Amino acid sequence: MDTENLIKLATEARENAYAPYSNFKVGAALLASNGRVFTGCNVENATYGLTVCAERVALWKAVSEGEREFVAVAVVADGERPPLPCGACRQLLWEFSGDIEVITANLRGASQSYHLSELLPHPFDRSSF
Ligand code: THU
């Protein structure tokens, strides 16, 4: 699975986003080390606080299907700049994925790739205790 296809899957997943409060639709596609891809979109709630990010939906889908090893995640939204995962999702991705590739893209053709360790330096994880 190449970067372009992962972005395409995240873009398609974004179409299912339920974001009536923020109107900010996000899609994610998480690539497991065995090649399976799990997609997610943000799902908002009237309480606001119970909103779940696209990355987390993809991660929970994957883990609940038995996948725990990942190599890359693509995140797509329609902003001026490619979207960056929130701090909580960075932490949750780190738990299972360690230093995976994080590809971000907007709908205007801009994209950027990071290592998760760039976005979450000095993480707290099982090696911390
Ligand atoms: N959101 C995501 O889905 N992923 C992120 O990494 C950042 C934020 C969603 C949550 C909420 O539905 C909307 O974007 C605005 O914050």
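Above this text is the structure in question.
On a predicted model such as this, the values are computed, not experimentally measured, just so you know. (Residues numbered from 1 in each chain as written. Predicted model: local features only at pLDDT ≥ 70, side-chain atom pairs only at ≥ 80, totals over all residues. Heavy atoms only, no water.)

**A short note on the sheet that holds strand β3 (residues 70-77)**
This is how the line gets drawn: We call two strands paired when DSSP finds no fewer than two bridges between them. For the purposes of this entry, the term helix denotes a DSSP run of H or I that reaches at least four residues, the term strand denotes a run of E that reaches at least two, and both are numbered from the N terminus. A fitted line through C-alpha atoms represents every axis, and for helices the fit uses only the stretch in contact; the resulting angles, taken between N-to-C directions, go from 0 to 180 degrees. By definition, residues are in contact when any of their heavy atoms lie within 4.5 Å.
Across the sheet, which stays open at both edges, the 5 strands sit in the order β2-β1-β3-β4-β5 with mixed pairing between neighbours. Edge positions in the open sheet fall to β2 (37-41) and β5 (111-115), since each of these has one partner strand only. Neighbour to neighbour, the strand axes of the sheet diverge by 15° on average, direction disregarded. As defined by bridge partners, strand β1 (residues 26-32) adjoins β3 across 7 bridges and the pair is classed as antiparallel. Note that in β3 the partner of A28 across the bridge is V75. Against the sheet, helix α2 (residues 54-64) touches β1, β2 and β3, its axis set at about 140° to β2.

**Some details on the pattern of salt bridges**
The condition that has to hold: By definition here, a salt bridge exists when the distance from a side-chain nitrogen of Lys or Arg to a carboxyl oxygen of Asp or Glu is within 4 Å. Each residue gets one of three labels from its accessible area relative to the maximum for its type: buried under 20%, exposed over 50%, partly exposed in between, using a 1.4 Å probe on protein chains only.
Summed over all chains, the structure comprises 6 salt bridges. The salt bridge partner of R36 is E67, with a shortest N-O separation of 3.1 Å. Residue R36 is located in the loop between β1 and β2, and its partner E67 is located in the loop between α2 and β3; the two are separated by 31 residues in the primary sequence. Take R36: its relative accessible area is 36%, and that puts it in the partly exposed class. If you follow the salt bridges from partner to partner, you end up with R36, E65 and E67 in one network.

**Some details on helix α1 (residues 3-14)**
Stated formally: Helix span, expected: 1.5 Å multiplied by one less than the number of residues in the helix. Think of the arc as the fan of directions from the helix axis to the C-beta atoms.
For α1, which comprises 12 residues, the first-to-last C-alpha distance of 16 Å matches the rise-based estimate of 16 Å (1.5 Å per residue) to within 8%. Among all positions of α1, only L6, I7, A10, A13 and R14 are buried. Here the buried residues of α1 occupy an arc of 120° about the axis, which is enough to place them on one side.

**Quick look at the environment of D2**
Checked against the element boundaries, D2 lands in the segment before α1. Through-space distance from the C-alpha of D2 to that of R90 is 22 Å; in sequence the pair is 88 residues apart.

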